[in-house]
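Here is how the chains run, residue by residue.
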Amino acid sequence: MSAREIVRLMNEEEQAVMRALAAAEGAIAEAAEQAAAAFQRGGRIIYVGAGTSGRVATADAAEMPPTFGVDGNRFVALIAGGTAAGGTAIEDAEDNVHASITALNDLKLDRNDVLIGIAASGSTPFVVSAVRHARQKGVWTCGIANNRNAPLLESADLAIFLDTGPEILTGSTRLKAGTSQKLVLNRISTAAMVLSGKVVENLMIDVKAKNAKLKDRCARIVCDLAPITRDEAWDLLESNGWSIRKALDALRAAAPSS
């Protein structure tokens with residue numbers, strides 16, 4: 001096949017991802033509601049995965065603090081092989097059924113938390129053992145897998161089956177399966193934060209202004225929500241620690257009462 005033919009085939013196959021997400025819409029929404037409830041009661045959303053699934057989970061958890069201004073311990077990703085596996089494949093780590101249980105015990109898992117296990121095969125020992133352990137402790141669990149009737153789906157309180165079909169490279173689940181998992185976690189975490197009041201209209205009002213680009217975004221958000229100029233928004237944010245919420249509160253406090 002030519003490069004163009006390979007790309008076209010991959011594009012055609014990728015359409016199965018969106019069909020799979022549409023079919024699982026109800027279950028994904030339920031997972032988002034459970035995640036929102038856990039967050040609002042002070043619990044954590046804990047992802048558990050191995051290989052591609054673990055790296056997808058790590059990326060989603062890492063993006064929550066800058067996007068929604070949450071503490072770094074509210075979304076947690078446990079990946080087989082530890083943090084080193086985030087950038088280097090450690091394939092044998094996924095068979096360790098005790099490592100995930102030890103990691104959860106170190107986190108002091110409790111019933112305020114929810115646990116979401118992700119595995120394309122749905123049979124990864126590291127992930128399945130974590131879900132079973134969490135459920136035994138009374139923690140709500142969700143399993144996300146791309147194989148029907150997989151042990152992970154049968155072990156969790158909520159099963160999210162993503163029917164993406166065979167990969168064009170047999171067994172290379174970094175392709176359709178990995179893409180579908182990333183999109184599901186996007187939906188769960190984003191919807192959970194919207195339900196938890198971290199968004200006004202379609203604006204991220206708790207975004208952390210850690211660089212020039214994000215400071216500019218904060219100023220634009222304030223301008224979208226209040227009738228002031230960009231310079232006024234910038235000055236207001238600077239005097240309120242670059243907190244959009246505090247800036248808007250200051251504007252409301254300064255407004256003449258009717």
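Since this is a predicted model, take the numbers as computed values, not measurements.

A. Examining the environment of Leu225 more closely. With respect to the element layout, Leu225 can be found in helix H8 (residues 212-225). Under the relative-accessibility criterion, Leu225 is labelled partly exposed at 27%. Among residues more than four places away in sequence, those in contact with Leu225 are Val200, Glu201, Leu203, Ile205 and Leu248.

B. Molecular detail of the sheet that holds strand E2 (residues 75-79). Spatially, the five strands line up as an open sheet ordered E2-E1-E3-E4-E5, and their pairing is parallel. Each edge of the open sheet carries a strand with a single partner, namely E2 and strand E5 (158-161). Pairs of neighbouring strands in the sheet enclose a mean axial angle of 20°, with direction left out of account. Contacts from helix H2 (residues 25-40) reach strand E1 (45-49), E2, strand E3 (114-119), strand E4 (140-145) and E5, with the element oriented near 135° to E5. Seen against the sheet, helix H3 (residues 51-68) touches E1, E2 and E3 and runs at an angle of roughly 160° to E2.

C. Layout of the nonpolar core. Ranked by size, the top nonpolar core spans 36 residues in total, and within it Tyr47, Phe75, Ile144, Ile160 and Ile188 carry the most contacts. At the level of secondary structure, the elements contributing two or more residues to this core comprise helix H1 (3-23), H2, E1, H3, E3, E4, E5 and helix H7 (176-195). Per element, the largest residue contribution to this core is seven residues, and it comes from H2. Filtering out sequence-adjacent residues up to four positions away, Ile188 remains in contact with Ile28, Ala31, Ala32, Ala35, Ile116, Ile144 and Ile160. The next biggest cluster of nonpolar side chains, apart from the first, holds 23 residues, and it includes Ala50, Ala80, Val128 and Ala145.

Quick notes on the rules
- Residues numbered from 1 in each chain as written.
- Predicted model: local features only at pLDDT ≥ 70, side-chain atom pairs only at ≥ 80, totals over all residues.
- Heavy atoms only, no water.
- Helix = DSSP H or I, 4+ residues; strand = E, 2+ residues; numbered from the N terminus.
- Buried < 20%, exposed > 50% of the residue type's maximum accessible area, 1.4 Å probe, protein only.
- Contact = heavy atoms within 4.5 Å.
- Pairing = 2+ DSSP bridges.
- Axes fitted to C-alpha atoms, helices over the stretch in contact; angles between N-to-C directions.
- Core = buried A, V, L, I, M, F, W, Y, C linked by side-chain atoms within 4.5 Å.

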